[in-house]
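Here is how the chains run, residue by residue.
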Amino acid sequence: VEQKQIVAVETAYRQGQMYLATCATNNCKDLAIRLETLYAVHLNDHGKHDGAIARIELLLNKENLTPEQEVNIIQTANAALLELGDYDKVLKNALRFRTLNQAIRDTSREILTLHDLGIASYYLHQFEESLEYSQEALSLARSYGQERPLKHSLYLLGEAFIDIGQPQAASPFLEELK
């Protein structure tokens, strides 16, 4: 069944691309970018991370992207890049996102981006930066009642404190997870 779903998504994608190639209005261009982004998400969700990244790189090279479009593309990229372990690119994209987000002010995405920055910094052994980003993400997640990012931040903070030799500082974060 899953293989049939993959084929159906890929077929729908190709048909949508043919239709959209003839469209010249802004609404159609926005739809084309959304379609490309969703297809990249589909590829990433099915373990085709390199294919997702290739699609995303093409999207990021398009002219006249709105901040919202760029933010969607960057977040899709970071999901694939985290899977591939390309933490330098995750950091670069997430910092670019933060600049773009000043224009659109999307708190949910800001929390996710701070989490991406925390993860990437952690795996690059930049523990102090990881702690800063994760604490900021935790604060926002608490303020806006976002449970999943809250738990991710608590876990990352606990792990980072342990890795820098401060298990006593990790304890409250890990206890809150229970």
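Let me sum up the structure you'll find in this document. Because the structure is predicted, anything quoted here is derived from the model rather than measured.

Quick notes on the rules
- Residues numbered from 1 in each chain as written.
- Predicted model: local features only at pLDDT ≥ 70, side-chain atom pairs only at ≥ 80, totals over all residues.
- Heavy atoms only, no water.
- Helix = DSSP H or I, 4+ residues; strand = E, 2+ residues; numbered from the N terminus.
- Polar contact = N/O pair within 3.5 Å; in protein donor to acceptor, adjacent residues only side chain to side chain.
- Contact = heavy atoms within 4.5 Å.
- Salt bridge = Lys/Arg side-chain N within 4 Å of Asp/Glu carboxyl O.
- Buried < 20%, exposed > 50% of the residue type's maximum accessible area, 1.4 Å probe, protein only.

**Details of the side chain of Asn44**
Piece 1. Take Asn44: it is sitting in helix α2 (residues 26-45).
Piece 2. Within the structure, Asn44 has its side chain in polar contact with the side chain of His49 (distance 2.5 Å).
Piece 3. When sequence neighbours within four positions are dropped, the list of residues in contact with Asn44 reads His49, Ala52, Ala79, Ala80 and Glu83.

**Examining unusual backbone geometry**
A negative phi angle is the norm for most residues apart from glycine, just as the trans form is the norm for most peptide bonds.
Piece 1. Phi is positive for Arg105, which is not a glycine, with a value near 50°.
Piece 2. Residue His125 is not a glycine yet carries a positive backbone phi of 60°.
Piece 3. With respect to the element layout, His125 can be found in the loop between α6 (107-123) and α7 (127-143).

**Focus: the pattern of salt bridges**
Piece 1. Taken as a whole, this structure holds nine salt bridges when the rule is applied.
Piece 2. Here Asp86 and Lys89 are joined by a salt bridge, their closest N and O atoms 4.0 Å apart.
Piece 3. Residue Asp86 is classed as partly exposed on the basis of its relative accessible area, which comes to 26%.
Piece 4. Under the relative-accessibility criterion, Lys89 is labelled partly exposed at 38%.
Piece 5. Across the pair Glu110 and Arg98 runs a salt bridge, and its minimum N-O distance is 2.8 Å. Of this pair, Glu110 sits in helix α6 while Arg98 sits in helix α5 (residues 87-104); the two residues are twelve residues apart in sequence, bridging distant segments of the chain.
Piece 6. In the salt-bridge network here, residues are joined through shared partners; they are Glu57, Asp86 and Lys89.

**Things to note about the environment of Gln102**
Piece 1. Topologically, Gln102 is positioned in helix α5.
Piece 2. Along the chain, Gln102 and Pro67 lie 35 residues apart, while their C-alpha atoms are 9.4 Å from each other.

Just geometry here; none of it tells us what the structure is for.
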